[in-house]
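# Per-entry structural report
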Amino acid sequence: MKENIIPHDYQISRKDRQSNNQHNSFLIWFTGLSGSGKSTIANVVEQKLFEIGIKTYTLDGDNIRKGINNDLTFAPEDRTENIRRIAEISNLMIDAGVVTLAAFVSPYKKDRLNIKSIVKDDNFVEIYVNTSVEECERRDTKGLYKKARAGEIKNMTGISAPYEAPENPNVEIKTEGVSVEDAANKIVEYILPKLKLLSNE
């Protein structure tokens with residue numbers, strides 16, 4: 001019963017951890033179609049942050065779907081639960097003082113709004129990796145589009161399931177006209193001011 005859960009008052013706070021790390025912690029959320037380049041760009045962003053001493057961790061389908069969310073399918077209700085759990089994990093990692101990168105299709109606006117409500121507005125940076133379905137299908141790095149066209153995969157975003165594009169992302173990357181390096185630089189440039197601790201913190 002939830003009413004019997006009484007939080008313990010731990011002495012080390014999020015601010016203490018941030019102060020120890022010498023930077024703020026927040027969530028960088030990459031959304032876009034499968035094959036859009038989310039994980040590729042997130043990987044380069046993390047490398048750049050790591051090189052300047054930022055404590056980071058990346059969440060993606062490989063370390064989430066195969067572990068904590070391996071009981072979920074790709075049906076709409078399970079997609080929603082998948083994103084909710086990832087948001088809660090991200091919230092814990094923000095509290096731990098870690099800059100968290102998350103690369104997920106996350107096709108539904110309501111789910112992305114729920115992420116923002118869980119981690120709070122100030123801790124949420126939305127990156128829209130905008131790649132056309134035609135280009136994603138041409139790349140088809142995981143062979144998913146071919147399987148979806150053959151009817152082997154149901155609820156494939158962009159083919160048999162919708163993708164609701166962000167209307168006002170913090171950063172939009174149109175991958176068909178920019179290199180991975182330039183995309184990563186644009187994102188890092190946007191978040192650098194957010195990393196700085198205020199003097200009264």
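Report on the accompanying structure. In this text the structure is predicted, and so the values were computed from the model without any measurement.

### Quick notes on the overall build of the chain
Looking only at helices and strands, one finds eight helices and five strands in the chain. Taken from N to C terminus, the helices and strands of the chain fall in the order α-β-α-β-α-α-β-α-β-α-α-β-α. Dimensions of the chain along its principal axes, counting C-alpha atoms only, are 55 × 45 × 30 Å. Looking at the chain residue by residue over its 201 residues, the buried ones come to 45%. Summed over its atoms, the accessible surface of the chain is roughly 11400 Å², and 51% of this surface lies on carbon and sulfur atoms.

### Structural notes on the environment of Pro 193
Positionally, Pro 193 belongs in helix 8 (residues 180–195). Linking Pro 193 and Asn 24, residues 169 residues apart in sequence, is a C-alpha distance of 9.8 Å.

### Observations regarding the pairing of strand 1 (residues 27–31)
For a regular strand, side chains alternate in direction, first toward one face of the sheet and then toward the other. Among the five residues in strand 1, five count as buried, and that is most of the element. Taking every second residue as pointing to the same face, both faces of strand 1 are buried, with Leu 27, Trp 29 and Thr 31 on one and Ile 28 and Phe 30 on the other. Taken together, the five bridges between strand 1 and strand 4 (residues 124–130) define a ladder with parallel strand orientation. Among the inter-strand pairings, Leu 27 is bridged to a residue of strand 4, identified as Phe 124.

### Notes on the nonpolar core
In terms of nonpolar packing, the biggest core is built from 23 residues, with Ile 28, Phe 30, Ile 41, Val 45, Leu 49, Ile 127 and Ile 187 touching the most fellow members. Of all the secondary-structure elements, those providing two or more residues to this core are strand 1, helix 2 (38–51), strand 3 (99–103), strand 4, strand 5 (171–174) and helix 8. Broken down by element, this core gets its largest block of residues, six residues, from helix 8. Setting aside its immediate chain neighbours within four residues, Ile 28 contacts Leu 49, Val 99, Thr 100, Leu 101, Ala 102, Val 125, Ile 127 and Ile 191. Counting 16 residues, the second-largest nonpolar core is a separate cluster that includes Leu 59, Ile 86, Ala 87 and Ile 94.

How each quantity is defined
- Residues numbered from 1 in each chain as written.
- Predicted model: local features only at pLDDT ≥ 70, side-chain atom pairs only at ≥ 80, totals over all residues.
- Heavy atoms only, no water.
- Helix = DSSP H or I, 4+ residues; strand = E, 2+ residues; numbered from the N terminus.
- Buried < 20%, exposed > 50% of the residue type's maximum accessible area, 1.4 Å probe, protein only.
- Areas by Shrake-Rupley, 256 points an atom, 1.4 Å probe, with all protein chains shown as cover.
- Pairing = 2+ DSSP bridges.
- Core = buried A, V, L, I, M, F, W, Y, C linked by side-chain atoms within 4.5 Å.
- Contact = heavy atoms within 4.5 Å.

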